[in-house]
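# Summary of the model geometry
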Amino acid sequence: MIEREGVWMSKEQYIYAVARVRSKELALLDKPVLEQLLSCKTYEDCLKVLTDKGWGEHSGESAEEILTQEREKTWTFIRELVTDMSVFDTFLYEKDFHNLKAAIKQVYVRNEVPNIFINDGTVDKELIFEAVKNHDFTNLPDHMQTAAEEAYQMQMRNGDGQLCDIILDRAALDTVYKKAGESGNELLMEYAELRVVTANLNCAIRGAKTGKRIEFFEMALAQCQTLDKKELVRAALTGVEAIYDYLSTTVYDDAVFALKESFSTFERWCDNLIINRIKPQKYNTISVSPLAAYILARENEIKTVRILLSGKLNELPENSIRERLRDMYV
Amino acid sequence: MEGLGIVFALAGAILAALVAGIGSAIGVGMAGEAAAGVVTDDPSKFSKVLILQLLPGTQGIYGLLIAFITLTQIGVLGGSSDMSLEKGLLYFAACMPMAVVGYFSAVRQAKASLASISLVSKKPDQFGKAMIFPAMVETYAILALLISILAIMGITPLAI
């Protein structure tokens, strides 16, 4: 919608915002800073370097507090620049479905489980919880209602938590894909495509390793443009090697190497794929895409710092942490 | 058809100032937004981004110049404004390079300026190079200005 409606004005209205983002990109962590963090002897030294770089609000904060504040800073900055935040809903739908999943589980076990909900989705987490508790999904957005009912029935009647998760994960991917397509924004569409691709591959590999049946793959895998769902299902039913063979015929042939190495290498490959595809936005001066790319870059940065801090906390060797680090946007 | 010559000549002059001016206004406005974005976070870059903002503004000045020369040549600012339809159409055509090229070059130059403002916001020491990119677009506005001036001056002595 953003890039389609009023081809001229709609894009032009982000010129100021893009210029602000360009200035902010200077503060993004680059490779030398990551090396500096890696070379820190202790976890506390890492926190100090981050605080010196302006992360967090004040010294003495825990890692989790610093990371939460950094995420909040990003969204506060974007809210300052964009009046209609619905442009970025594509990034938030998965949070809604996570909250829906958490609410169904919580209602099912009839116990309050602390800290299972995520903030900042497109739908208030309390509203989602109330909808599940009252078994009335009419207050939820249209794209959530059917999946919510289906997952609810699966959990409450059959007690099948895994199937409940699959239904909601698939619905989340379908929603991200559909809404990104409706937005007409190239970056959002590319993000959605890659999210579906990486989730499908993840699911296909795990399913193939555990010998899942065709019904599982049909239900779990979402449609996208760059992977043929039928081919992927056929390969997943045959085995992991067949998935590698199929992938070698697609544009994601480099995923085979990552998958063969380890699952954490594959997860790193998935994150790097998105970051590398959005890098051209560094040179885009018009449209909402550089803002969306900045959000993804910040999320990637926070994730990388979390991995690094967790490695330092567990006293993992430097090389072991390094191979888990994601590519940076800058 | 009598008297229509001056109408076309005047329309040409007005369009040169109007269309090129609109292009410059759009261009300077776009670059100004980006410049304000950079200065919000780093006020020390004001002078650099200001120059880049002003670059798409020249087409408006060229348009004004063409309009002024045409007005003096066709007698609107004094003298006789009697001219044939053919001569009026020739003046109209002579003003068009500045009007059309002025508009499009201003808008495209503004986009180059936006990119250069981004460059300066990240690498202020590269200001010299950043200025060259939008300045290259200026070449075509100057060519249009030149051809419009030559055409207008060449029409005046024609006995048609």
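Everything in this summary refers to the structure shown in the same document. As the structure is a computational prediction, the values presented were derived from the model and not from experiment. (Residues numbered from 1 in each chain as written. Chains lettered and ligands numbered in written order. Predicted model: local features only at pLDDT ≥ 70, side-chain atom pairs only at ≥ 80, totals over all residues.)

### Side note on the overall build of chain B
Secondary structure assignment for chain B yields 5 helices and 0 strands. Its helices and strands in sequence order give chain B the pattern α-α-α-α-α, from N to C terminus. Along the first, second and third principal axes, the C-alpha atoms of chain B reach 60 × 20 × 20 Å. Put simply, chain B has 160 residues, and 48% of those count as buried. At a minimum sequence separation of 6, the contacts of chain B that also span at least 24 residues come to 86%. (Helix = DSSP H or I, 4+ residues; strand = E, 2+ residues; numbered from the N terminus. Buried ≥ 20, exposed ≤ 12 C-beta atoms within 10 Å, placed from the backbone. Contact = placed C-beta atoms within 7 Å.)

### Details of the overall build of chain A
Within chain A one finds 17 helices and 0 strands. A globule of 330 residues ought to have a C-alpha radius of gyration of about 20 Å, and chain A, at 21 Å, matches this closely. In terms of its C-alpha atoms, chain A occupies a principal-axis envelope of roughly 55 × 45 × 45 Å. Within chain A, the fraction of its 330 residues that count as buried is 37%. A sequence separation of at least 24 residues applies to 62% of the contacts in chain A between residues at least 6 apart. (Rg over C-alpha atoms; globule rule 2.2 N^0.38 Å.)

### Re unusual backbone geometry
All names here are of chain A. The residue His135 is not glycine, and still its phi comes out positive at about 50°. Structurally, the position occupied by His135 is in the loop between helix 7 (125-133) and helix 8 (142-158). A residue is classified by how many C-beta atoms lie within 10 Å of it, and His135, with 12 of them, is exposed.

### Regarding the environment of Phe97(A)
Residues and elements named next belong to chain A. Inspection of the secondary structure puts Phe97 in helix 6 (residues 93-109). A residue is classified by how many C-beta atoms lie within 10 Å of it, and Phe97, with 27 of them, is buried. For Phe97, the residues in contact, after removing those within four places along its chain, are Leu168, Ala171 and Ala172.

### Some details on the packing of helix 4 (residues 43-52) of chain A against helix 16 (residues 289-313) of chain A
Residue and element names in this part refer to chain A. Direction vectors running N to C along helix 4 and helix 16 enclose 150°, while the axes themselves pass 8 Å from each other. Overall, the two elements helix 4 and helix 16 adopt an arrangement that is roughly antiparallel. From helix 4, Tyr43, Cys46 and Leu50 reach across to helix 16, where they touch Val305, Leu308, Leu309, Lys312 and Leu313. Classifying every residue of the contact of helix 4 with helix 16 gives 7 nonpolar, no polar and 1 charged. (Axes fitted to C-alpha atoms, helices over the stretch in contact; angles between N-to-C directions. Parallel < 35°, antiparallel > 145°, perpendicular 65-115°, else oblique. Nonpolar A, V, L, I, M, F, W, Y, C, P; charged D, E, K, R; others polar.)

### Examining the interface of chain B and chain A
Counting from both sides, the interface comprises 16 residues of chain B and, opposite them, 11 residues of chain A. Among the secondary structure elements, those contributing two or more residues to the side of chain B that touches chain A are helix 1 (4-41) and helix 4 (85-122) of chain B. With 8 residues, helix 1 of chain B is the single largest residue contributor to the side of chain B that touches chain A. For the side of chain B that touches chain A, the class distribution of residues is 7 nonpolar, 4 polar and 5 charged.

### Points about the environment of Asn115(A)
Along the chain, Asn115(A) turns up in the loop between helix 6 and helix 7. A tally of 6 C-beta atoms within 10 Å means that Asn115(A) is categorised as exposed.

### Brief notes about helix 8 of chain A
Over its 17 residues, helix 8 of chain A extends 25 Å from the first C-alpha to the last, a length consistent with the 24 Å expected when each residue adds 1.5 Å. Of the residues one or two after helix 8 of chain A, Gly159(A) is the one with positive phi, at around 65°. (Expected span 1.5 Å × (residues − 1).)

### A few points about the nonpolar core
Core analysis: the largest hydrophobic core is formed by 115 residues, its most contacted members being Ala16(B), Tyr91(B), Cys95(B), Met98(B) and Ile117(B). Broken down by element, this core gets its largest block of residues, 16 residues, from helix 1 of chain B. Not counting chain neighbours up to four residues away, the residues in contact with Ile117(B) comprise Ala19(A), Ala31(B), Ala34(B), Ala35(B), Val38(B), Val49(B) and Leu52(B). Residues Leu37(A), Leu47(A), Leu50(A) and Leu325(A) belong to the second largest nonpolar core, which totals 12 residues. (Core = buried A, V, L, I, M, F, W, Y, C linked by C-beta atoms within 7 Å.)

### So, the environment of Cys203(A)
Residues and elements named next belong to chain A. Here Cys203 is to be found in helix 10 (residues 186-209). Expressed as a C-alpha distance, the spacing of Cys203 and Ala236, which sit 33 residues apart in the sequence, is 9.2 Å. Among residues more than four places away in sequence, those in contact with Cys203 are Ala220 and Leu221.

### A look at the packing of helix 1 of chain B against helix 2 (residues 46-54) of chain B
Residues and elements named next belong to chain B. One way to put it is that helix 1 packs onto helix 2 with a least axis distance of 8 Å and a crossing angle of 165°. The angle between helix 1 and helix 2 places the two elements in the roughly antiparallel class. Considering the relative orientation of helix 1 and helix 2, their crossing is right-handed. Every residue of helix 2 that contacts helix 1 at Val28, Ala31, Gly32, Ala35, Val38 and Val39 is listed here: Phe46, Val49, Leu50, Leu52, Gln53 and Leu54. (Left-handed = near helix turned anticlockwise from the far one by under 90°.)

### With respect to helix 14 (residues 254-261) of chain A
All names here are of chain A. Buried residues of helix 14: Ala255, Ala258 and Leu259, and no others. One side of helix 14 carries all its buried residues, which in axial view fall inside an arc of 100°. Those residues of helix 14 that are exposed and aimed more than 90 degrees away from the buried face are Phe257 and Lys260. (Arc of directions from axis to C-beta.)

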